[in-house]
Amino acid sequence: MPIRTASARWSGNLTEGSGTVKTGKGGYEGNYSFKSRFEEGEGTNPEELIGAAHAGCFSMAFSKGLADAGFTPTSVETTAKVHLDKGDAGFGVTRIDLETVGDVPGIDEGTFAKIAEGAKENCPISRLLSPGAEITLSAKLA
């Protein structure tokens, strides 16, 4: 398997500085700052990027699980809400809420929910993040 890369550059101090992040293959490049991370400023932040990675990984794992069970999804749309909270040890990602909606012809709610839960437990990004953050899942059929 190839090794995936991303990079970041930061200039200046924490509160007044700014930076850029980009993926190794050029699929994404964006600005980030103190305001985009801890307030509502323009740009992205590490937590949004983690959310994008988690939503993408989960959606792929869920689609595979559905296919393995004999269902072909028309679409799987996932949002990851990443909670950055301040605790005694400083800031940390404490919880990620995955919200997914799947358009999956011929599947019942119970089977859909079971496969979604399996994807949540087994996608590589969930496995990476779950020791340190609670991961919740809301899965709905379209």
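See the structure shown above.
Treat the numbers as computed from the prediction; the structure is a model and nothing was measured. (Residues numbered from 1 in each chain as written. Predicted model: local features only at pLDDT ≥ 70, side-chain atom pairs only at ≥ 80, totals over all residues. Heavy atoms only, no water.)

Engineer: Which parts of the structure should I look at to understand helix 2 (residues 46-68)?
Structural biologist: Helical geometry: 3.6 residues make up each α-helical turn, so side chains three or four residues apart lie on a common side. With 23 residues, helix 2 should reach 33 Å at 1.5 Å per residue; the first-to-last C-alpha distance of 33 Å fits that figure. All of the buried residues along helix 2 are E47, G51, H54, A55, C57, F58, S59, F62 and L66. Those residues of helix 2 that are buried lie in contact with helix 1 (34-38), strand 4 (75-87), strand 5 (90-103), helix 3 (109-122), helix 4 (124-129) and strand 6 (134-141). For helix 2, the N-terminal cap is N45; the gap from its side-chain oxygen to the backbone nitrogen of E47 is 3.1 Å. With its phi angle positive at about 95 degrees, G70 sits one or two positions after the end of helix 2. (Helix = DSSP H or I, 4+ residues; strand = E, 2+ residues; numbered from the N terminus. Expected span 1.5 Å × (residues − 1). Buried < 20%, exposed > 50% of the residue type's maximum accessible area, 1.4 Å probe, protein only. Contact = heavy atoms within 4.5 Å. Polar contact = N/O pair within 3.5 Å; in protein donor to acceptor, adjacent residues only side chain to side chain.)

Engineer: Would you mind showing me how to read the sheet that holds strand 3 (residues 29-33) here?
Structural biologist: Two modes of strand pairing occur in sheets, parallel and antiparallel, and in both the strands are linked by backbone hydrogen bonds. On the basis of which strands lie adjacent, the open sheet formed by three strands has the order 1-2-3 and antiparallel pairing. Unpaired on one side and paired on the other, strand 1 (6-11) and strand 3 mark the two borders of the sheet. Across the sheet, the axes of successive neighbouring strands diverge by a mean angle of 20 degrees, strand direction being ignored. Pairing of strand 2 (residues 18-23) with strand 3 involves five bridges; the strand directions are antiparallel. Looking across to strand 3, one finds that V21 is bridged to G30. (Pairing = 2+ DSSP bridges. Axes fitted to C-alpha atoms, helices over the stretch in contact; angles between N-to-C directions.)

Engineer: Even after reading the chapter, I still don't get the pairing of strand 4, so can you show me in this structure?
Structural biologist: Regular strands show a simple pattern: their side chains alternate between the two faces of the sheet. In terms of strand pairing, strand 4 meets strand 5 through 13 bridges, oriented antiparallel. Along strand 5, the bridge assignment pairs K86 with F91. What sits between the antiparallel neighbours strand 4 and strand 5 is a turn of two residues.

Engineer: Can you help me understand the sheet that holds strand 5 in this one?
Structural biologist: What the three strands build is an open sheet, ordered 4-5-6; its pairing is mixed. Of all strands in the sheet, those with a lone pairing partner are strand 4 and strand 6, marking the two edges. On average, each strand axis in the sheet is tilted by 15 degrees relative to the strand beside it, whichever way the strands run. Direction of pairing for strand 5 relative to strand 6: parallel, over a ladder of eight bridges. From the neighbouring strand, G102 faces strand 6, where its bridge partner is L141. Contacts from helix 3 reach strand 5 and strand 6, with the element oriented near 150 degrees to strand 6.

Engineer: Explain the environment of M60 to me, please; I cannot follow it from the model alone.
Structural biologist: Secondary-structure assignment places M60 in helix 2. Judged by relative accessible area, which is 64%, M60 ranks as exposed.

Engineer: Quick question: what am I supposed to make of the packing of aromatic side chains here?
Structural biologist: One pair of aromatic rings is described through two measures. These are the centre distance and the angle between the planes. As enumerated under the stated definition, the model contains five aromatic pairs in all. Summarising the aromatic geometry, the rings of W10 and Y32 are spaced 5.1 Å apart at their centres and angled 55 degrees between planes, so their arrangement reads as tilted. With W10 in strand 1 and Y32 in strand 3, the pair connects residues that are 22 residues apart, well separated along the chain. Consider the rings of F62 and F112, whose centres lie 5.1 Å apart with planes at 65 degrees: the pair is edge-to-face. Taken together, the residues span a long stretch of sequence, with F62 in helix 2 and F112 in helix 3 at a distance of 50 residues. Judged by relative accessible area, F112 falls into the buried class, the value being 0%. Members of the aromatic cluster, each reached through a chain of ring pairs, are F34, F38 and F91. (Phe/Tyr/Trp six-rings, centres within 6.5 Å; stacked < 30°, edge-to-face > 60°.)

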